[in-house]
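Here is how the chains run, residue by residue.
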Amino acid sequence: MVKNNIELDVKTKCIEQGKTQVNLAEEIETTKAYVNRVIKKQDGVVNQTFVKMMEALGYDIELRYVERE
């Protein structure tokens, strides 16, 4: 199981940096609709096979965000 709420995490990071999803989409050269779809989709960020492997090994997944220096 992925413990993070990726949608909330992305929205929080956007607010912290004063960016919208539109700004983010433009920066990575895609559409706002695609950015929105990726962050809302349960398995949009972390590969489900990887999640299943880690669950079978007895682990949950937590993503940690580290700001670049």
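Residues numbered from 1 in each chain as written. Predicted model: local features only at pLDDT ≥ 70, side-chain atom pairs only at ≥ 80, totals over all residues. Heavy atoms only, no water.

With an unreviewed UniProt entry as reference, the protein is termed Helix-turn-helix transcriptional regulator, source organism Agathobacter rectalis.

Undergrad: Honestly, the environment of Val-38 in this entry has me stumped. Any pointers?
TA: When you line up the elements, Val-38 lands in helix α3 (residues 32-40). With a relative accessible area of 22%, Val-38 lands in the partly exposed category. A sequence separation of 16 residues divides Val-38 from Met-54, and the C-alpha atoms of the two residues are 21 Å apart. Those residues in contact with Val-38 that lie beyond four places of it in its chain are Gly-44 and Val-45. (Helix = DSSP H or I, 4+ residues; strand = E, 2+ residues; numbered from the N terminus. Buried < 20%, exposed > 50% of the residue type's maximum accessible area, 1.4 Å probe, protein only. Contact = heavy atoms within 4.5 Å.)

Undergrad: Explanation requested: unusual backbone geometry in the structure shown.
TA: Glycine aside, a negative phi is what most residues show, and trans is what most peptide bonds show. For Glu-29, which is not glycine, the phi dihedral falls at a positive 60 degrees. One can find Glu-29 in the loop between α2 (21-27) and α3.

Undergrad: How should the layout of surface pockets be read in this particular structure?
TA: Unoccupied space between atoms shows up once a probe the size of one water molecule is rolled over them. Taken as a whole, the largest pocket encloses approximately 670 Å³ of empty space. Ranked by the residues each element gives to the lining of the largest pocket, the list is headed by helix α1 (residues 6-17), at seven residues. Residues of the lining of the largest pocket, tallied by class, amount to 13 nonpolar, one polar and seven charged. (1 Å grid on protein atoms, 1.4 Å probe; cavity = no way out; pocket = protein on both sides within 12 Å on 5 of 7 lines; lining within 4 Å. Points joined across faces, edges and corners; volume = space filled by probe spheres on them. Nonpolar A, V, L, I, M, F, W, Y, C, P; charged D, E, K, R; others polar.)

Undergrad: What is the right way to read a nonpolar patch on the surface from this model?
TA: A grouping of Val-45, Leu-63 and Tyr-65 is seen on the molecular surface, where their side chains present a nonpolar patch of about 250 Å² in accessible area. Within the fold, Val-45 resides in the loop between α3 and α4 (48-56). Here Val-45 falls in the partly exposed class, since its relative accessible area comes to 44%. (Patch = residues over 30% accessible without salt bridge, like charges linked within 9 Å, V, L, I, M, F, W, Y side chains within 5 Å. Areas by Shrake-Rupley, 256 points an atom, 1.4 Å probe, with all protein chains shown as cover. Salt bridge = Lys/Arg side-chain N within 4 Å of Asp/Glu carboxyl O.)

Undergrad: Looking at this structure, how should I read the side chain of Gln-21?
TA: Along the chain, Gln-21 falls in helix α2. Non-local contacts of Gln-21, meaning those with residues more than four positions away in its chain, are made with Lys-11, Lys-32, Val-35, Asn-36 and Ile-39.

Undergrad: Even after reading the chapter, I still don't get the side chain of Asp-9, so can you show me in this structure?
TA: Residue placement: Asp-9 occurs in helix α1. The side chain of Asp-9 sits in the buried core without any salt bridge; Lys-13 is the nearest counter-charge, 7.4 Å away. A polar contact is formed between the side chain of Asp-9 and the side chain of Tyr-65, at a distance of 2.6 Å. Each residue touching Asp-9, except ones within four places of it in the same chain, is listed here: Asn-4 and Tyr-65. (Lys, Arg positive; Asp, Glu negative; His and termini not counted. Polar contact = N/O pair within 3.5 Å; in protein donor to acceptor, adjacent residues only side chain to side chain.)

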